[in-house]
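Read off the chains here:
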Amino acid sequence: MEPIVKIRAEILQHDPNSCRFTVDRVLFRGFIRFGTSERAKGSALPERLFALPRVAAVMIQGQEITIKQAPPVDWRASGAGIGAAIRAHIQSGEAPISEEAVKSAPDEDKLREKIQTILDEQINPGIASHGGTISLLDVRGNKVYIQMGGGCQGCSSASATLRSGVETTLREQIPEIGEIFDTTDHASGTNPYYSAAHV
């Protein structure tokens with residue numbers, strides 16, 4: 001009997017049209033984004049996902065698949081179909097991404113992979129001692145969108161951590177990075193330092 005594939009879904013705070021599906025196993029080592037169904041051709045997993053209604057973009061990284069849908073979006077209605085498509089792909093045994101798609105990945109994907117490596121290996125281990133974490137949400141062109149979580153969300157030192165720690169480290173190692181945007185809702189953190197008047 002095949003083991004049950006467990007999938008957890010989380011709608012992104014900064015973009016309610018996007019939902020992250022975290023699977024209990026690694027699907028693809030690296031990061032790749034498919035912005036159109038045309039680009040997904042030949043890659044089994046994103047092809048399955050684009051065959052579903054309203055799917056506008058698919059991002060795959062490690063155990064995570066982020067799906068963007070064309071509005072209006074009802075994740076309660078579409079989530080089960082997405083989960084079924086992911087499970088069907090895993091059961092098929094097919095490679096999720098074609099070698100051609102990996103080779104032709106745009107510069108945004110390569111930049112994202114570099115940033116994620118630095119977050120995983122250098123930045124997050126340091127802030128984990130304070131119960132914090134930083135997630136990379138998106139890269140558009142050379143603009144970077146991050147989100148602070150755990151002890152960093154709502155912490156009065158979050159701005160200093162971002163500017164003098166995270167930003168400095170990323171810029172030193174990846175000079176091509178442009179603006180870095182913190183999309184965190186600090187007002188809802190454990191120790192919110194943004195009052196409602198400033199949000």
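The rules behind these values
Residues numbered from 1 in each chain as written. Predicted model: local features only at pLDDT ≥ 70, side-chain atom pairs only at ≥ 80, totals over all residues. Heavy atoms only, no water. Helix = DSSP H or I, 4+ residues; strand = E, 2+ residues; numbered from the N terminus. Contact = heavy atoms within 4.5 Å. Phe/Tyr/Trp six-rings, centres within 6.5 Å; stacked < 30°, edge-to-face > 60°. Buried < 20%, exposed > 50% of the residue type's maximum accessible area, 1.4 Å probe, protein only. Lys NZ or Arg CZ within 6 Å of the ring centre and 35° of its normal. Salt bridge = Lys/Arg side-chain N within 4 Å of Asp/Glu carboxyl O.

> How should the side chain of T22 be read in this particular structure?
Note on placement: T22 falls in strand β2 (residues 15-23). In this structure, T22 is in contact with K6, I7, R8, Q63 and E64, ignoring residues within four places of it in sequence.

> What is the right way to read the packing of aromatic side chains from this model?
Here the distance between the centres and the angle between the planes together describe a pair of aromatic rings. Under the counting rule described, the total for this entry stands at two aromatic pairs. Taking 5.0 Å as the distance between ring centres and 20 degrees as the angle between the ring planes, the aromatic pair formed by Y145 and F181 counts as stacked. Of the two residues, Y145 is situated in strand β7 (residues 143-150) and F181 in strand β8 (residues 180-182); the sequence distance between them amounts to 36 residues. Its relative accessible area of 16% is what places Y145 among the buried residues. Above the plane of the ring of F34 lies R39, whose end atom (NZ or CZ) is 5.0 Å from the centre. In this arrangement the basic side chain of R140 is found over the ring face of Y145, its NZ or CZ atom lying 4.6 Å from the centre.

> So what exactly am I meant to see when it comes to the pattern of salt bridges here?
Oppositely charged side chains are able to pair whenever their charged atoms sit close together. With the rule as written, the count across this model stands at eight salt bridges. Note that E64 is salt-bridged to R20, the shortest N-O span being 3.7 Å. Residue E64 is located in strand β5 (residues 64-69), and its partner R20 is located in strand β2; the two are separated by 44 residues in the primary sequence. Given a relative accessible area of 11%, R20 falls into the buried group. Between E38 and K41 there is a salt bridge, with its nearest N and O atoms 3.4 Å apart. A relative accessible area of 53% means that E38 is categorised as exposed. Overlapping salt bridges bring together E10, R20 and E64 as one network.

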